[in-house]
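# Observations on the model geometry
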Amino acid sequence: MSMIMEMLSYPFMVRAALGGVLVALCAALLGVSLVLKRYSMIGDGLSHVSFGALSLALAVGWSPLKVSVPLVVLAAFFLLRIAENGKIKSDAAIAMVSASSLAVGILVTSLTTGMNTDVSSYMFGSILAMTRADVILSCVLSAFVLGMFVLCYNRLFAVTFDESFAKASGVRVERYNVVIAVLTAVTIVLGMRMMGAMLISSLIIFPPLTAMRLFKSFRGVVICSGVVAVVCFCLGIVMSYGLSTPAGASVVVVNLAAFALFTAINQMRRRI
């Protein structure tokens, strides 16, 4: 407890905890729909697009978040359109966009600023990367993401499980697929500073999969996923501070441990 109080005495740790909890919660809620729709790897693809956008922004001296948010949203539209047309498989399209964006980002970085500390923090995450302005923007955008998720909950539920039935019920499936993609893109960009491009997709994938070990209803999975995401992020930050390990990697390891624990509980429950 004393270590936690000491940790929270530093302003940068408070900023990291506040911004990270909000992003983790948004990612976990959206991750339920993405995992069930088998779009979970879109988070990985968009994170690489975000790295390319951030590299361009740093090269020309612009605000990284203000540049990356619209570019990643456009990439989400592009990936969604490819998946709907069916000419290219969605996993192939994500891999193509992911590799291309990462390559462009690395080339731009090597030709301009070089692989310095700022770029490394975007690649692998850094507790020190969250500024006061980043936290304020994260709070505003996270509130928008959570608000949209709550308002569109019933329609997102219908679109997630049965698009044909949702269309027959009068739900504009394409519109809500776009909502999911845009909210995911915003969440990915917000989490880049903390988790890094290489690990941000774990916030989308791990909590829903962990919740699905014990819960079968959509609402149960959504609630459990949000709780698991917040708890694992807080434990990961404490672990990062106590052991002086990278924040992103620490959060992922805690999420992995939670997944293993829930899987073991599920196996025990089946045997009983």
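The preceding data block contains the structure.
As a starting point, this report considers the structure included with it. For clarity, every value in this text was computed on a predicted model and none was experimentally measured. (Residues numbered from 1 in each chain as written. Predicted model: local features only at pLDDT ≥ 70, side-chain atom pairs only at ≥ 80, totals over all residues. Heavy atoms only, no water.)

### Comments concerning helix α2 (residues 11-36)
Operational definition: Think of it this way: any DSSP run of H or I at least four residues long counts as a helix, any run of E at least two long counts as a strand, and we number them from the N terminus. Between the first and last residue of a helix there are one fewer steps than residues, each counted as 1.5 Å, and that sum is the expected span. Consider a residue and the seven residues that end there alongside the seven that start there; fitting an axis to each set, the bend is the angle between those axes.
If you check α2, its first and last C-alpha atoms are 38 Å apart, about what 26 residues at 1.5 Å a residue would give, namely 38 Å. Of all the bends in α2, the greatest, near 30°, is centred on L30. A positive phi of about 60° marks R38, the residue just after α2.

### A word on the side chain of T210
For clarity, the threshold we go by: The contact criterion used is simple: two residues touch if any of their non-hydrogen atoms lie within 4.5 Å.
If you trace the backbone, T210 turns up in helix α11 (residues 202-212). Discounting residues that sit within four places of it in the chain, T210 has contacts with V228, N255, A258, F259 and F262.

### Focus on the environment of R81
Worth spelling out the cut-off: With a 1.4 Å probe rolled over the protein chains alone, any residue whose accessible area is under 20% of its type maximum counts as buried; one over 50% counts as exposed, and the rest are partly exposed.
Tracing the backbone shows R81 in helix α4 (residues 64-85). Using a relative accessible area of 52% as the deciding quantity, one classes R81 as exposed. As a C-alpha pair, R81 and L214 span 133 residues in sequence and 34 Å in three-dimensional space.

### Thoughts on the packing of α2 against helix α10 (residues 173-195)
Operational definition: Here the axes come from fitting lines to C-alpha atoms, over the contacting stretch only for helices, and the angles between their N-to-C directions go from 0 to 180 degrees. Crossing handedness is defined as follows: a turn of the near helix away from the far one that is anticlockwise and smaller than a right angle gives a left-handed crossing, while the clockwise case is right-handed. Residue polarity is assigned by list, with Asp, Glu, Lys and Arg as charged and Ala, Val, Leu, Ile, Met, Phe, Trp, Tyr, Cys and Pro as nonpolar; anything else, Gly included, falls into the polar class.
Orientation of α2 relative to α10, taken along the N-to-C sense of each, is 145°, at an axis distance of 9 Å. Both α2 and α10 take part in a crossing whose hand is left-handed. The residues of α10 that touch α2, namely those facing A16, V23, C26, A27, L30, S33 and L34, are I180, L183, T184, T187, L190, G191 and M194. Across the contact of α2 with α10, the residue classes tally to ten nonpolar, four polar and no charged.

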